[in-house]
Every structure is written in C-alpha cells, then in structure tokens.
Amino acid sequence: MPKCTINGKEVEVKEGTTIIKAMVDAGERIAHYCWHDGLSVAGVCRLCMVEIEGNPRVQIACNTTITEGMKINNTSEKVKEAVKWGLDFHLINHPLDCPICDQAGECGLQDQYMEYGKYDPEMAEPKQKKKKVVDLGPTVVLDSERCILCSRCVRFTEEVSKTNELGIFNRGDRSEIGTHDGMPLDNKYSLNTVDICPVGALTSKDFRFRQRVWYLKDAETVCNGCATGCNVKVYYNKEGFFRVKPVYNENVNGYWMCDEGRDIYKFVNRETRLLKAQVRSNSGWSEMPAGAAAKHAHELLKTTSGDSLALVLTAQYTVEEFDAIVSTFVNEFKTKKIYFWINNKETFDNFDGILLRGDKNPNTKGLLKVLEKHGITATWNDLSQGLASGAIKTVVVAGPENQAVFPDFHERVKELSKAQNLIWLQAGKNEALMSLTGNVWLIPMKTFVEKDGTFINHAGLEQKFKKVTTVVSEALTLTEAALLMSGKNLAIPTAQPFLPLNQRPDQVELEARKKNEFVFRRGSL
Amino acid sequence: MAEVKLLTEFYHLPEYQTLAGYKAKGGYETLVKALKMQPQAIIDEVKASGLRGRGGAGFPTGMKWGFLPKNNEPRFLLCNADEGEPGTFKDRMMMERAPHQLIEGMIISAFAIGSNKGYIYVRGEYVYPIECLKKALKEAYDAGLLGKNILGSGFDFDLDVYRGAGAYICGEETGMISSLEGLKGQPKLKPPFPAVQGYLRKPTIVNNVETLAAVTYIVRDGAQAYRKNGTEKSAGTKLFSLSGNVMKPGNYEVPLGYPLMDLIMKEGGGMKPGRRLKAVIPGGSSAPVLTAEEVAKANLDYESLAGLGSMLGSGAVIVMDDSQCMVDMLGVLTHFYAHESCGQCTPCREGTGWLDKILHSILEGRGRLQDIDLLIKIADNMKGKTICALSDAAALPVLSFVTKFRDEFEFYVREGRSKVKGTTYAEMHH
Amino acid sequence: MSVMQNNSEKAKWYLPGVLGGLGITMKHLLKNLFNRKKMMTLNYPEEKYEYSPRFKGNHVLTVKKDGSLRCTACMLCATNCPAECIKITAAEHNDPSVEKYPISYEIDILRCVFCGFCEEACPVDAIRLGPEWQTPGVNGANFIYDINHLAYRPTLRGGIQTHVDDEERHKAGI
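Residues numbered from 1 in each chain as written. Chains lettered and ligands numbered in written order. Predicted model: local features only at pLDDT ≥ 70, side-chain atom pairs only at ≥ 80, totals over all residues.

Caption draft 1: Examining the overall build of chain C more closely. Looking only at helices and strands, one finds 6 helices and 5 strands in chain C. Relative to a compact globule of 174 residues, whose C-alpha radius of gyration would be 16 Å, chain C shows 25 Å and is clearly more extended. For the C-alpha atoms alone, the extent of chain C along its principal axes is close to 80 × 45 × 40 Å. When each of the 174 residues of chain C is scored for burial, the buried share is 20%. Within chain C, contacts between residues at least 6 apart in sequence are counted, and of these 70% link residues at least 24 apart. (Helix = DSSP H or I, 4+ residues; strand = E, 2+ residues; numbered from the N terminus. Rg over C-alpha atoms; globule rule 2.2 N^0.38 Å. Buried ≥ 20, exposed ≤ 12 C-beta atoms within 10 Å, placed from the backbone. Contact = placed C-beta atoms within 7 Å.)

Caption draft 2: The arrangement of the overall build of chain B in detail. Scanning chain B for helices and strands turns up 19 helices and 11 strands. Its C-alpha atoms give chain B a radius of gyration of 22 Å, near enough to 22 Å, the size a compact globule of 430 residues would have. Its C-alpha atoms give chain B principal-axis dimensions of about 70 × 45 × 40 Å. Burial statistics for chain B: of 430 residues in total, 54% are counted as buried. Intrachain contacts of chain B at a sequence separation of at least 6 include 70% that bridge at least 24 residues.

Caption draft 3: Spatial organisation of the arrangement of the chains. Contacts are most numerous between chains A and B, taken over all 2 pairs of chains that touch. With respect to C-alpha atoms, chain B approaches chain C no nearer than 12 Å, and the pair has no contact.

Caption draft 4: Main features of the interface of chain B and chain A. Of the residues lining the interface, 25 residues belong to chain B; the matching set on chain A comes to 22 residues. Sorting the residues of the side of chain B that touches chain A by element identifies α14 (326-340), α15 (346-363) and α16 (370-382) of chain B as the ones contributing at least two each. Residue contributions to the side of chain B that touches chain A peak at 11 residues, all from α15 of chain B. Among the residues forming the side of chain B that touches chain A, the class breakdown is 9 nonpolar, 12 polar and 4 charged. (Nonpolar A, V, L, I, M, F, W, Y, C, P; charged D, E, K, R; others polar.)

Caption draft 5: Looking closely at the nonpolar core. With 211 residues, the main nonpolar core has Cys48 of chain A together with Leu78, Ile107 and Leu263 of chain B as its most contacted residues. Leu309, Ile325, Leu416 and Met485 of chain A belong to the second largest nonpolar core, which has 54 residues in total. (Core = buried A, V, L, I, M, F, W, Y, C linked by C-beta atoms within 7 Å.)

Caption draft 6: A look at the domain arrangement of chain B. Residue and element names in this part refer to chain B. Here chain B is described as being made up of domain 1 (14-227), domain 2 (237-321) and domain 3 (326-428). Here the C-alpha centre of domain 3 lies 36 Å away from the C-alpha centre of domain 1. With 10 residues of domain 1 at the contact, the number on the domain 3 side is 7 residues. Split by residue class, the side of domain 1 that touches domain 3 holds 6 nonpolar, 3 polar and 1 charged. (Domains from an automatic or database assignment.)

Caption draft 7: Just the sheet that holds strand β10 (residues 202-204) of chain A, in detail. Residue and element names in this part refer to chain A. Here 3 strands make up an open sheet; going across it, the order is β6-β7-β10 and the pairing antiparallel. At either margin of the open sheet sits one strand with a lone partner, and together these are β6 (134-135) and β10. Judged from the 2 bridges that link them, β6 and strand β7 (residues 140-142) form a sheet pairing that is antiparallel. Bridge pairing in β7 places aspartate 135 opposite valine 141. (Pairing = 2+ DSSP bridges.)

Caption draft 8: Quick look at unusual backbone geometry. Residues lysine 190 of chain B and proline 191 of chain B are joined by a peptide bond in cis, for which omega reads 15°. With an omega of 5°, the peptide bond running from proline 191 of chain B to proline 192 of chain B counts as cis. Mapped onto the elements, proline 192 of chain B comes out in the loop between α8 (173-180) and β4 (204-208). Of note in this structure, lysine 162 of chain A is not a glycine but carries a positive phi near 55°. As for its placement among the helices and strands, lysine 162 of chain A is situated in the loop between α4 (152-159) and β8 (166-169). Positive phi values are uncommon outside glycine, yet arginine 157 of chain C reaches one of about 50°. Topologically, arginine 157 of chain C is positioned in the loop between α5 (147-152) and α6 (166-171).

Caption draft 9: Representation of the confidence of the model for chain C within the structure. Averaged over every residue, the pLDDT of chain C is 87; residues scoring 70 or more account for 97%. The ipTM for the predicted assembly is 0.90, set against a pTM of 0.89. (pLDDT = per-residue confidence, 0-100.)

Caption draft 10: Region of interest: the packing of helix α2 (residues 29-36) of chain B against helix α9 (residues 209-221) of chain B. All names here are of chain B. Viewed as axis vectors pointing N to C, α2 and α9 meet at an angle of 70°, and their least axial separation amounts to 9 Å. Judged by the inter-axis angle, α2 sits roughly perpendicular to α9. Here the hand of the crossing between α2 and α9 comes out left-handed. Residue-level inspection shows Thr30, Lys33 and Ala34 of α2 in contact with α9, the latter providing Thr216, Val219 and Arg220. (Axes fitted to C-alpha atoms, helices over the stretch in contact; angles between N-to-C directions. Parallel < 35°, antiparallel > 145°, perpendicular 65-115°, else oblique. Left-handed = near helix turned anticlockwise from the far one by under 90°.)

Caption draft 11: Just the interface of chain A and chain C, in detail. Each side of the interface is counted separately: chain A has 11 residues, and chain C has 15 residues. Tallied by class, residues from the side of chain A that touches chain C come to 7 nonpolar, no polar and 4 charged.

Caption draft 12: Geometry of α2 of chain B. Residues and elements named next belong to chain B. Three or more residues of α2 are buried, namely Thr30, Leu31 and Ala34. The arc enclosing the buried residues of α2, seen along the axis, measures out at 100°, which places them on a common side. Residues of α2 that are exposed and point more than 90 degrees away from the buried face comprise Val32 and Lys36. Tucked into the core, α2 has its buried residues touching α3 (39-49), α6 (99-113) and α9. (Arc of directions from axis to C-beta.)

Caption draft 13: Just the sheet that holds strand β11 (residues 316-321) of chain B, in detail. Residue and element names in this part refer to chain B. The strand order β6-β5-β11-β8-β9 describes an open sheet built from 5 strands, whose pairing is mixed. Pairing within the sheet leaves two strands with one partner each, and these edge strands are β6 (250-255) and β9 (290-291). Sheet topology note: the strand β8 (residues 277-281)/β9 ladder contains 2 bridges and is antiparallel. Each residue of the ladder has a partner; that of valine 280, found in β9, is leucine 290.

Caption draft 14: Up close: the confidence of the model for chain B. Mean pLDDT for chain B: 92, with 100% of residues reaching 70 or above. Mean pLDDT values over the elements of chain B span from 76, in helix α19 (residues 425-428) of chain B, up to 95, in strand β2 (residues 117-122) of chain B.

Caption draft 15: Just the domain arrangement of chain C, in detail. As far as domains go, chain C holds domain 1 (1-41) and domain 2 (59-171). Here domain 1 of chain C and domain 2 of chain C have C-alpha centroids that lie 50 Å from each other.

Caption draft 16: Up close: the packing of helix α2 (residues 77-91) of chain A against α15 of chain B. One can describe the packing of α2 of chain A onto α15 of chain B by two numbers: an axis separation of 9 Å at closest approach and a directional angle of 55°. Here α2 of chain A is positioned oblique relative to α15 of chain B, judged by the angle of their axes. Taken as a pair, α2 of chain A and α15 of chain B cross one another with a handedness that is left-handed. The residues of α15 of chain B that touch α2 of chain A, namely those facing Gly86, Phe89 and His90 of chain A, are Thr346, Pro347, Glu350 and Gly351 of chain B. A per-class count over the contact of α2 of chain A with α15 of chain B returns 2 nonpolar, 4 polar and 1 charged.

Caption draft 17: Structural context of the pairing of strand β21 (residues 453-456) of chain A. Of the pairings in the sheet, the one linking β21 of chain A to strand β22 (residues 462-465) of chain A comprises 4 bridges and is antiparallel in character. If you follow threonine 454 of chain A over to β22 of chain A, its bridge partner there is lysine 464 of chain A.

Caption draft 18: Quick peek at helix α17 (residues 390-404) of chain B. Residue and element names in this part refer to chain B. Counted at 1.5 Å a residue, the expected span for α17 with its 15 residues is 21 Å, and the 22 Å between its end C-alpha atoms agrees. With 11 of its 15 residues buried, α17 lies for the most part within the structure. Within α17 the residues assigned to the buried category are Leu390, Ser391, Ala393, Ala394, Ala395, Leu396, Pro397, Val398, Ser400, Phe401 and Val402. Where α17 is buried, its residues touch α14, α15, α16 and α18 (406-415). (Expected span 1.5 Å × (residues − 1).)

Encoded structure:
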C-alpha cells in the first residue's frame, strides 16, 4: 500500500491506483473531462495536470500510477497555468451556446472556467463550424460544435454497452462524433452517454429544453422499474418530476442505469395520478377524499367474513407496507386469501447481462418474504376459482404504480370485476377502472418517491430510501390504507418544525454532492 | 571531409535492386555470419557502435533493443517506412534502389531481438517503392532467405509490407502500431512503451529504414569500424536529403559531424546564381530553423545542432535563399500540421488549427500586431503537454520562425504584403 | 429621545406658527398667479412629464429582422427577477440555427416591480423596459402579458428590432 503526499496531505492508496483516483477519493479538486472511473483511461483532454516532485514537466494524473513516496501537488502556478491553457484550447472553437444549451448550470466547461479560467480570450479567428442538432437515434441528439472530443461516449459504447455505435470521424479540428452508416445509437443504455458527456453535446430528447437545471432539486432514491433496484437521483420542483439519473453503487448498478428506468418519473407526476378517491355505488360515481373512502370501505369490510375476502398484491410497494397490510388481513380480517399478481411469468428470469432484468417489479423478494412470514400459500388459481364460483365477494387490490409493465392489466381488471365489491388501491389513473360496474372504491395511493421504505432487489439486498417530496398529498400509503380499512385512526406524527438545518431529514446532502462531478450549483432558488 | 558511401556504395547500379545484383556485391554474406552469432552478441555490438535512430528521434538503438523483456514472449519488429516528415526522401531511395539492404538488415535485427514476424509500414503514396519491395520480398522468399528455417539455421522470420493511407501521424511509433492493428491511426498513451506492450500488446521494436539497414554494416565490420566515421556521441554515417534552393538537391551520405555549410556548398553545389543563403531547416520541418550565421557554425550531428537550438531529426536539409518569404513558408508548415493532427488531445488539435488560422489571417492581410506575440504564446503552451510529439513538431517551427525573422512578420502585418517578394498572398499563389 | 424639542418662545404660542404657515402658502399662491410658466404643476393629461430615455416602463420583447422573436428561452431573466414574475416555456425550433425559442413567455405585470434586472440579465438583448407606462386595465383586463402583447402590441408598430443579430455573428464565424 504505497504512501504518497497530495497537496501536503499524506494519503495511503491501494497498489496500482492512479493519481487522479486517489485525488478524487481524498476529496481534492482536480480538473478533468475525459477520465471516468467506470471507463478506460484515454488521457486526451490534458487537463488533469499535476506536478510530481522530480519531474521537470507537468504530468497527467489519469495515467500515472502512484509509487511509494510520490509528492504530488496541483496548486502551484505552473499547474494552474497549464490547466488554464488546456481550458483555453478547449474553448477557442466552442460555440456561444450557453443560452440554448441544456447543460448550462451543470457544464464542465462552465465549472472549470469559473475555477481555473477567468481570462480574456484571445481567439479572434472564425470558429470551426460543424453539424448541429444531429439526430443520433431515438433518444439522443448531438451537437458537434459543442463536443470537446473527450471520447467518453465512444468508450462507453465500446466497453459498457458493448454495442460500438459511436466513433470519432475525421481528424484534427474537423473531428466529430458520429454513428456509422445506418446504425443509430439505439441500445438500452444510450441515455448514460448524456449523463457522462461533460458538455451539452449529447442531450436527451426526453428532457431537452423542458427545464433549467438550477430550478431543480435532487434527491436520491431507488428505481422501481425492475428487480435490479439501481440507485437513482430524481430531479424535481413544484411543477413535478423531470428526469432521473443514476447514482454510483458498487454492489447494485455501478455507475449506470438503463433507459427504461429513465421513464419512472412519468407515472409520479400529477397528470397521471388519481387525485381523489372515486366510489361507485348504485347511484353512480361520487368523489370523496382518500381517507374518507378508506373509512367507507371499512364499513363494508367489518361485516365481511374472512372466507369471502381476498387481497391481491403487486410487488411494487415497500416491505413495510406489505407487512402492514398482510398482517391486517391475516389478523384482523382473518383471511389467508392473499394473492401475488405476477405480471410476466415467462420473462421473469431474463437478464441481459448488464442491468436489465425481466422482473419489472422492484420488490418481488420483499413481497415473497412477507408472504412467507405470514404463511400464505394461496395461488392465483384459487382466486380465479373463487371469483368464478362467487365464493369470493370482496376483493382488495393494491394495484401497480408502474402500469406500463403490466400488459395483462385490462384482462385482470375484467377478471377481478367479477367480485361484488372491489376496493382498488392505486396511484395512477386508468380508464379501465373508471368503466367498472358494481361497487367499486378507487383510492389514490402514494408513489415510491413520496414515502420512506425498503425494497429488496433480486439478489436479496435490502435498500432503504427516503421520501423525496409529496405530489398528491391526499393519497394514502398502503400502511395508512390498511389502518383506516381496519377501523383504526391514523397516528398523527409529532411535529418537528424547528430542527436545525443539518438535522432535517429532507435537506439535500451538500457534502456528498460536492464529490459528484459537474453537479449544478444550486443558487438561492 | 567528403561523402562516405557506406550504405549507398552501389546505388548507382540498376541491378543492385535485384537479388542477384545485390548478392554479387557481397549481399547476404553478413546474414550468414550473423546467423552463426549469438543474438545477444549482435545486440551488444549495436550498443557498442553507438547507432542512433535515423528516423528523427535519435534514440540509441542498442538501448531500445535492451528494453525488451528477456522472456520467450513473441515479439514484433516493425520497420517505419512512413517517411512523413516533410523534406525527407532518403528511405524512398533505399527502397527503390536497394530493397534487399533493408530486408537483410531486418532479418539480422529480428534474429538479434528474437522476433519471428516483421512488418514494413510504407506510406501509401510510395507506389513504386512498394512494388520494388514486394518484388524483393518474393525473391527473398524464393531463395529461402525468409520464411521458415532461414538458410538452415532454424530461425523463422516472416516479413510483410503494409501500406499506409495518407497520415503523417502514422509515422509516430504508437500511431503506426494502432494503424497496423486496424484501429484509427492514433498514438497511444506511453507508458506502457512499445518495447513492453506494443503491437497486439506484445513487445514491439519500431525502427527506421536506415537504422535497420545500418545494422548489417555494424555486424559486418564491427562496432569499432562503424565508429571510425562520425563523432564520439553521434557515430556512423547518415543519409541527408538536401532540397530547396540549391543547385544539386538529392540524397547524400556523409559521416555525422560533417559541416552543414559544406554539405550545402560542396555536395549541394551551392546557391543558385546571384542568391545568398538565408535560412536552413536542418532536420525536417519539425526542426527549428537556422539563420545563415548559425549555419556557418553548425555540424551535422545531434549535439552540435541541439546546441544551436535545433535538431538533427530525420536529416532533411531544406535550404532557403533570400528570395524566400518566411511568412509564406511558415504558412505552408502550419497548414501541414493542422491538416495532419490526429485530433485526440486538445492542445494539438485546437492549437494547430489556431496557428494555421492566424497565419492565414496574416497572409491574407488581416493580421494584427498582437497576433505575432499570440503565435509565440500558443506555441509555447502547446509544447510538452500532449500524447505524442506532433504538437511539439508544430510548435517549434512557429517559435523559431517568428523569433528569428520577426521583422518579416511585422512588415507583413503592417503592409499586408511580403517584405521579400513585395506581393500579396493571392498574387504569390494565384 | 428621538423627537426634537423646540422650546423657543415662538413655538409655545399657537398663532405665530399658523400665521407663518399661511404666509408660505400665500407666497406660493401669489408666485404662481403671476408666473404661470414657472409653476411646478403639470396639467395632466394635456402636459405630460418627459421621462429620460433610460426610463423603465412596460416590457418590450424585441424581434429579429424577419419579425420572429429574439428570445432564446435561456431563462436568465426569470432567474434574475426578484419578484419571480416571469414564466417561460421553451420548445425546439425546426430551424437548427435557431434551435430554441419560447412558446410561452408570460410576465405577471402586477407582480413586476420594474427593476430592470431582466433587461440586465438578458445576453441577447431580447427584453427591454420601454418608455410606456400608462397602461391601465379596464374591467376584465388581463394582467398577465403574453408574447403577443409584449412583442407585437399595436404601440410597437410591428416589433422593436434587436441590436444583437445572430446572422452577423454567424457570418463573422463566432
């Protein structure tokens, strides 16, 4: 374990560590564009200069391994001058696009200029003109003029997604990123290139121009798109959620996430949500607040016998919620007719080798664990038979948040509507539900970003996540619904309004964000 | 002193190109001698001779061979016949007139370093030299001088010619290796060095055509005989490609240490009638230019030219007389480097383009006085910060031209036309 | 004590103060009677005050030579506005040299404090505070100004041209 001195501090590192990795781990600031911990070393931006004692020239930090007793510093005037000129060379052909570029606020060039630059530019010649707004594929748009040719995206398609779609064409200052003839950037991980691009050359078609990043707050949570459970950061403000980016987790997803997980913010926003509970009786649909609807359902449930009551669960809720509702049904309503609604049995065990899994529910293992704990062994056939014969009169369904991954939604709704009384707990709207007949309760639920909880992923890893914000404040969590349906009142949480800033649980952790690269510096907004 | 024809002794004979003609003048006898020696002995002989790389860098060849790992890992010998440095045309002459000289040198070198596979990377534009090489290779294979069990010694060596596709950057050793591997011809990061991890991640030695051909003569005559020519630190003879405003341009083989003025005036036949010497680029376009006074003090060896702030380089001596406009000349050079930069690392990619744009602004009459200082600043900050030496090669001529001939640049900026020729750029290149 | 106390003899009596005040009023009355020109009062609406050219009145969104909006929806004005009264929605333009433009630009004029920070923040001279200030709203008036009003209202006579034109910038190669 060689020891070295970085900017005066002594650091001990593992054998074979490069200087830049040691500096980033130790929290030192070093300018860089082309180095990324999850990709191979390219050494093309020439910005990560450091001065090593004993070497007359400045060296790049990304390709130099640390040896015993190395003395490294990147605060001397020589290094600062080298970095300033490296930055100058990057900027001489860069277009004046900050007003229309999405990356403003989290741009590598902007950040490094404010830190190392602040010089008067001397380029008085016409800039190099290249193609703008190039459609690279179904998800990504390229702007060649903004590209600084760090080759991160090229290395990504070579090493991580292994699809080799991107390359650098032409040479010299006519170089451009592009795809080969007839092969668009079309793989399931393409939006990661937008994340790693330090400038606004690659932009996401989904997010393009929708919001300025300094208007967004971010919070970490766990993706609920599939059983991998990638750690993600969701960006949101008063108007809703805007995008999803991955967070590094050594054990689960590394640095990346798949494109399907990028869409998880869509079913959380208000437009797609059930806002008020809808209760249908003989006189038609009536609206009422969610809590009142649950209490109304309680009136029915307290008279229902355990034999004619069934509970259907989808694996998209947290472990704590499953525990609450299952124990309510087992202990209070005395029924063991609890069924697991599996959405895609055939493709359940698929795995594409990188991150995507066939099981599109985040908490299958969690649900199975809870069911096992309470000794539930019922299968879906029992439910079908019970509904067909009329033995089961009341069904409570905890419907899916992410309806897109339930291709059999409509058939199941038809099947479950055979019951006399249907209590459907769901976060999102669906016309199939509004066209039901019989006694129906549609109660809005909270989505995964609005509650604290635990998901257990495919490998049995428990991941706890915190509440991000509230989108529909009237909606209930499954725990609250279980409490209300069993006739109890909700516990009012003790007010803690005046916690100091560093103890408030909903405050974004600024220290961790400082370690992330090119993180937007949020202003006072 | 005069020309010493060590390598070029028989180049005037047209039959020297063929195997029979080459053998008639003592060809391949050294190969027989070498195959009986120990490989390490050959390496020691080359080290003792002080042979330095003749392609431009001047790195001691024996030392380079000594970096190879001493195990049984398969290794490659690559011959750099890309000859991209502007002004150089010596390797072309060797490949056209004496391809067997190169082949024999390569077989001996491969035997010394333990390599069984070699490539000759020739620039794509050399259509005729490639033909000559291919013919010579066929003759060698047919005669059992290449392939399996060469001359019954048990040593196998396969040699192929690989054609380049028009990139100066593929003359850089790792750029060449990338190109041979089928990738884009872009240099790789060093470390790891090619002698440790090169072509296909195996140990690779890259040497210039002339260096490999000289190995034959070192093995034939011995290190001490080779050292009889040249100086203490720069041993042996070298081919110099003399071009520009001289009476007799061409390739000349002289011992290292030969006075530069003599090469121009004696061998080169001197200036054209009525013209004076103004400047000389002694080692290919990447070498800093020398004024006429400095030329009088210069000897053609690595130390003397380095002492004057220039370098021996590939040995391409470009002579300029007083009819040459320095601004125009620099414009040609910056355009070359801007076109040939591979574009990987930022200082070179943007810097060469920027230098070219400024030069063209000046040439077209739109220059500003601060542009001249700006050229110096840019060139200073491009040096020493890149993956390969193309950035230095582009910066050094700019620095030397602007510092030594600053009055011409200032005149051009102020008046919009050349001081020497009196005409504008459009008139010079109509 | 922050109140000044005046303990002089004159202040203790009531009438001298009153008479003094009345005297000032009479002085001004007589001055104005005999010297109409020097009177400070403006006979509004016949006479109006001439504001300086830098006066910050109603907003104007400038247009390019072809009449389209100059604004590139960079949202710097909305960010800088201390009253948070500017709401912009950006969209992609079909022409790649324009690329980004606002499909909706609203200023809530009742919130606006006419500080001029938006004009200072704009990098492309898209928004200016013009000389108009007399814009009362009648019954049912809309106090949220949209692009139509800000750029193309009748008093602007087709649109104010911006000083920063991208065409020249592109030609110069920047």
